[in-house]
Amino acid sequence: MELEGEEKAVAKAKQILDDYMSLVRDGHVISNADLNNFLRVVTVEEESSLKTMYLGGKQRSFGKKMLAPKTINQRRYVEAIEKHDLTFGIGPAGTGKTYLAVAMAVSALLNKQVSRIILTRPAVEAGERLGFLPGTLQEKVDPYLRPLYDGLYDMLDADRVEKLLEKNTIEVAPIAFMRGRTLNDAYIIVDESQNCTPDQMKMILTRLGFNSKMVVTGDITQIDLPGGKRSGLIEATEVLKGVEGVSFILFDDKDVVRHNLVQKIVRAYESYTEKTGIGRQMLLKLDDPPPASGAAASIQPGAPVELPDA
């Protein structure tokens, strides 16, 4: 095989081929899907290599699934969840924010690190129309919580999920149901948190009890709050900057692990939003000093940022 091109590009291609051949000789089998995901990262990030990404993203057992982080940011996300009691995963759709969080929660439950899992998200799409839907209150809100169930059924057998739900070992509920509670010995996942109001975000964050972990996921480009209300997720990134025990991981389009077209769609929408300013809310950069009173600042999703310990 002969490689032609710029010296830097040829050196990178040679390193990728050498890493791949080394992994194959050692008996590793990399699926085409995983290889494509790895290549998307190593071709744009100079410090990464195929071998370190594959070996660093070691497979873990999550119930009936064996999973491994597929991008550098996913690996940092998993490590942050393990090290911190409160982790924020912020980025576009398809980056594995919720899926990995559910997987980590299932693993913690099966290993008896916690006694229950609580999955919650705002039912903002329902607005004031819940009363017109058929069924009990739980049946009214279940359709808006269905994405959280999907991850559970992927990790555990259906019968086991149903039993855990019946015993309330796993609880799936809208954020409004969390008010007034203290969630001890629990793994809490707050999904679609960009649709929390600031009051809702403060309320859910202060539910965290003893021996509990909380993972908050959201996409600040898909805020559905009515009337231009400020997102509680955006406010939380400003308020909690520098708080010990809190970690922020930011994902971008390179972390999308769905169909290749999804990555292109995310990139196109980001470009459109930057050009038009439509749907944007101001957000503090995590590496900038807090703005003066009344001033505004902004953040662009990019490389992950972990808040330093105080």
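Here, every reference points to the structure presented above.
Residues numbered from 1 in each chain as written. Predicted model: local features only at pLDDT ≥ 70, side-chain atom pairs only at ≥ 80, totals over all residues. Heavy atoms only, no water.

Novice: Can you tell me about the overall build of the chain, naming the residues and giving the values?
Specialist: Helix and strand counts for the chain stand at ten helices and eight strands. Looking at the chain as a whole, 45% of its 310 residues are labelled buried. Long-range pairs, those at least 24 residues apart, make up 72% of the contacts in the chain between residues at least 6 apart in sequence. (Helix = DSSP H or I, 4+ residues; strand = E, 2+ residues; numbered from the N terminus. Buried < 20%, exposed > 50% of the residue type's maximum accessible area, 1.4 Å probe, protein only. Contact = heavy atoms within 4.5 Å.)

Novice: I'd like to hear about helix α9 (residues 232-239), residue by residue, with values.
Specialist: Within the sequence span of α9, burial applies to G232, L233, I234, A236 and T237. Looking at the buried positions of α9, the neighbouring elements they touch are β3 (86-90), α8 (198-205), β7 (213-218) and β8 (246-250).

Novice: Describe the pattern of salt bridges, and please don't skip the residues or the numbers.
Specialist: Two side chains bearing opposite charge may form a pair once their charged atoms approach each other closely. A full pass over the atoms with the stated rule returns five salt bridges. A salt bridge links R181 to E171; its shortest N-O distance comes to 2.8 Å. With a gap of ten residues between them, R181 in the loop between β5 (170-174) and β6 (186-190) and E171 in strand β5 connect regions that are remote in the sequence. On the basis of relative accessibility, which here comes to 16%, the residue E171 falls in the buried class. Salt bridges linked by common partners bring R121, D191 and E192 together as one network. (Salt bridge = Lys/Arg side-chain N within 4 Å of Asp/Glu carboxyl O.)

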